[in-house]
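Structural overview
Given next are the chains, with one letter for each unit.
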Amino acid sequence: MTTEANPDAIEIAFSPCPNDTFVFDAWAHDRVPGAPALKVTFADIDITNGMAERGELDVLKVSYAVLPWVLDEYALLPCGGALGRGCGPLVLTKEMGLDLTGRTVAVPSERSTAYLLFRLWAAEMVPGGVGEVVVMPFDEIMPAVRDGKVDAGLVIHEARFTYRNFGLHNLADMGRHWEDTTGLPIPLGAIIAKRSLGEETLGRLAESIRSSVRLAWDHPEVSRPYVQEHAQEMDPAVADQHIGLYVNEFTADLGEDGYAAVRGLLTRAAAEGLVPPLGPDALLFPASS
């Protein structure tokens with residue numbers, strides 16, 4: 001789904017999830033003074049990851065896990081993403097305490113941060129290795145586990161709050177494992193923009209995001225219609241929990257701990273051969289074209 005905008009607008013894609021619509025509401029509705037106009041496309045993270053790899057659109061919300069493949073063309077913006085504590089993906093099963101050795105696991109994307117965290121966890125905790133990995137839209141994963149179509153599911157977003165409604169058990173919390181082993185917050189979703197836009201425009205985009213976040217925090221009731229319009233019939237209370245968990249101080253600015261978490265995740269993953277290694281300046285901002 002794409003919103004209409006003028007031909008000079010910045011083309012952006014992010015998910016219809018409450019954290020993203022909350023963050024971008026003010027900017028998308030021209031309430032951020034001095035910000036460029038936006039042309040918004042809504043797409044799930046697996047779609048936007050692919051768009052980034054193909055170099056589509058000016059600005060994208062993507063998984064941190066996809067950065068090693070796209071940072072030649074895109075710069076990581078220091079704000080607007082999803083990174084925090086106590087907000088990691090969960091591995092859910094129908095049977096409590098299930099051994100995942102050789103089991104079928106559904107995941108939302110093979111290039112997602114959730115899957116990267118899962119692979120790092122499984123390397124330690126499932127020495128025999130899991131079986132088949134099946135990619136499916138995240139909203140189909142819990143029903144698939146409940147109905148026995150897969151043995152386990154890796155879930156993200158509001159599934160943290162709703163999995164018990166499906167009669168499922170939390171086998172493992174990827175975020176808790178990450179925090180316990182690194183002491184760092186959990187990097188989930190990043191905002192990236194094309195380096196070819198130039199340093200001045202990249203800086204303007206970052207400031208527009210920060211202003212949009214602050215306006216949402218100051219007047220959360222203003223964002224509610226936009227959030228609920230795209231929340232796929234989500235209960236408003238769950239949407240509020242979702243926003244409270246994923247929109248935090250790291251959304252306004254990654255800061256030292258945020259950048260350390262991103263570097264830590266991608267360095268560790270590269271050491272395991274899961275992603276290409278990053279160049280020494282790959283995460284620097286501002287970034288020139």
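These numbers were taken from a predicted model, which means no experiment stands behind them. Within any chain, residue numbers begin from 1 and follow the written order of that chain's sequence. In keeping with the model being predicted, local features are shown solely for residues with a pLDDT of at least 70 and side-chain atom pairs are shown and tallied solely at 80 or more, while totals for entire chains, interfaces and linings include all residues. The side-chain quantities take in all heavy atoms of the structure and omit both hydrogens and water.

Another aspect to go through is the overall build of the protein chain. Counting from the N terminus, the helices are the DSSP runs of H or I reaching at least four residues and the strands are the DSSP runs of E reaching at least two. Across its full length, the protein chain carries 12 helices and 11 strands. Between the two quantities, the radius of gyration covers C-alpha atoms and the globule rule is 2.2 Å times the number of residues to the power 0.38. The C-alpha radius of gyration of the protein chain comes to 18 Å, within 12% of the 19 Å expected for a compact globule of 289 residues. Its C-alpha atoms give the protein chain principal-axis dimensions of about 55 × 45 × 30 Å. For each residue, the accessible area found with a 1.4 Å probe, counting protein chains only, is set against the maximum for its type, and the residue is called buried under 20%, exposed over 50%, and partly exposed in between. Here the protein chain holds 289 residues, and 56% of them are scored as buried.

Attention shifts here to the pairing of strand E2 (residues 38-42). Within E2, 4 of the 5 residues are buried, which leaves it mostly tucked inside the rest of the structure. By the bridge criterion, 5 bridges tie strand E1 (residues 10-14) to E2 in an arrangement that is parallel. Bridging across to E2, Glu11 finds its partner in Lys39. Between the parallel elements E1 and E2, the chain passes through helix H1 (residues 18-28) in a crossover that is right-handed. Strands qualify as paired when DSSP identifies two bridges or more between them. For crossovers, right-handed means that the path from the first strand over the helix to the second runs clockwise, given strands pointing away from the viewer.

Looking now at the packing of aromatic side chains. Any pair of Phe, Tyr and Trp rings, taking the six-membered ring for Trp, is counted once the centres come within 6.5 Å. Such a pair is stacked with planes under 30 degrees apart, edge-to-face with planes over 60 apart, and tilted for the rest. This model, assessed by the stated rule, comprises 6 aromatic pairs. A network of ring pairs unites the aromatic residues Phe14, Phe24, Trp27, Phe42 and Tyr226 as a single cluster. By the criterion adopted, a ring carries a charge over it if an Arg CZ or a Lys NZ lies within 6 Å of its centre and within 35 degrees of its normal. The ring of Trp69 carries the charged tip of Arg111 above its face, separated from the ring centre by 3.7 Å.

Now for the domain arrangement of the protein chain. Domain boundaries in the protein chain define domain 1 (8-82 + 184-270) and domain 2 (88-180). What counts as a domain boundary in this text is fixed by an automatic or database domain assignment. The gap between the C-alpha centroids of domain 1 and domain 2 is 24 Å. Any two residues having at least one pair of non-hydrogen atoms within 4.5 Å are treated as being in contact. Each partner contributes residues to the interface: domain 1 has 27 residues there, and domain 2 has 22 residues. Here domain 1 packs against domain 2, burying approximately 2200 Å² in sum over the two surfaces, 65% of which is carbon and sulfur. The largest share of the area that domain 1 buries against domain 2 comes from Ile186, Leu265 and Arg268, three residues that together contribute 25% of it. Between Lys or Arg on one side and Asp or Glu on the other, a salt bridge is scored when a side-chain nitrogen of the former is within 4 Å of a carboxyl oxygen of the latter. Taken together, domain 1 and domain 2 are joined by 2 salt bridges. Summed over both partners, the accessible surface that disappears when two parts come together, traced with a 1.4 Å probe, is what is meant by buried area.

Once that is clear, we can look at the pairing of strand E3 (residues 59-63). The side chains of a regular strand alternate, residue by residue, between the two faces of the sheet. Among the 5 residues in E3, 5 count as buried, and that is most of the element. Pairing of E1 with E3, which is carried by 2 bridges, proceeds in the parallel orientation. The residue of E3 that forms the bridge with Ile12 is Val59. Summarising the sheet, E3 and strand E11 (residues 186-194) pair through 5 bridges and their orientation is antiparallel.

Okay, helix H5 (residues 138-146) next. All buried positions along H5 are accounted for by Phe138, Ile141, Met142, Ala144 and Val145. Down the axis of H5, the smallest arc covering the buried residues is 160°, so these residues share one side. Elements that come into contact with the buried residues of H5 comprise strand E6 (90-93), strand E7 (105-107), strand E9 (152-155) and helix H6 (159-162). Phi for Gly148, located one or two positions after H5, is positive at around 75°. The arc in question is the one spanned by the directions pointing from the helix axis to the C-beta atoms.

By convention in this document, the label disulfide applies to cysteine sulfur atom pairs within 2.5 Å. The final tally for this structure, using the stated rule, is 0 disulfides. Cys17 carries a free sulfur, and the closest cysteine sulfur to it, the one in Cys87, is 13 Å from it. Not part of a disulfide, Cys79 finds its nearest cysteine sulfur in Cys87, a span of 17 Å. Take Cys79: its relative accessible area is 2%, and that puts it in the buried class.

Under the definition given, this model contains 14 salt bridges. Between Arg210 and Asp253 there is a salt bridge whose closest N-O contact spans 2.8 Å. Taken as a pair, Arg210 in helix H8 (residues 199-218) and Asp253 in the loop between helix H11 (249-252) and helix H12 (255-271) lie far apart in primary sequence, 43 residues in all. For Arg210, a relative accessible area of 12% corresponds to the buried category. Here the salt bridges share partners, and the residues they tie into one network are Glu207, Arg210 and Asp253.

Looking now at the nonpolar core. Soluble globular proteins tend to pack their nonpolar side chains together in the buried interior. Among the nonpolar cores identified, the biggest contains 58 residues, and Leu60, Tyr64, Leu67 and Phe118 are the most heavily contacted of them. Once residues within four sequence positions are removed from consideration, Leu60 is found in contact with Ala13, Thr48, Met51, Ala52, Tyr74, Ala190, Ile191 and Ile192. Only buried residues count toward a nonpolar core. Its members are Ala, Val, Leu, Ile, Met, Phe, Trp, Tyr and Cys residues joined through side-chain atoms within 4.5 Å. In this structure, Ile191, Ala206, Ile209 and Ala216 belong to the second largest nonpolar core, which totals 32 residues.

What follows deals with the sheet that holds strand E8 (residues 133-135). Across a sheet, strands are paired by hydrogen bonds formed along the backbone, either parallel or antiparallel in direction. Strands sit in the order E8-E7-E9-E6-E10 across an open sheet of 5 strands; the sheet is mixed. Edge strands, defined here as strands with exactly one partner in the open sheet, are E8 and strand E10 (169-173). Each strand of the sheet is rotated relative to its neighbour by a mean of 30°, with strand direction disregarded. Pairing of E6 with E10 involves 4 bridges; the strand directions are antiparallel. In the sheet register, Leu92 faces E10, and the bridge partner there is Asn170. A fitted line through C-alpha atoms serves as each axis, taken over the contacting stretch for helices, and the angle formed by two N-to-C directions is quoted from 0 to 180°.

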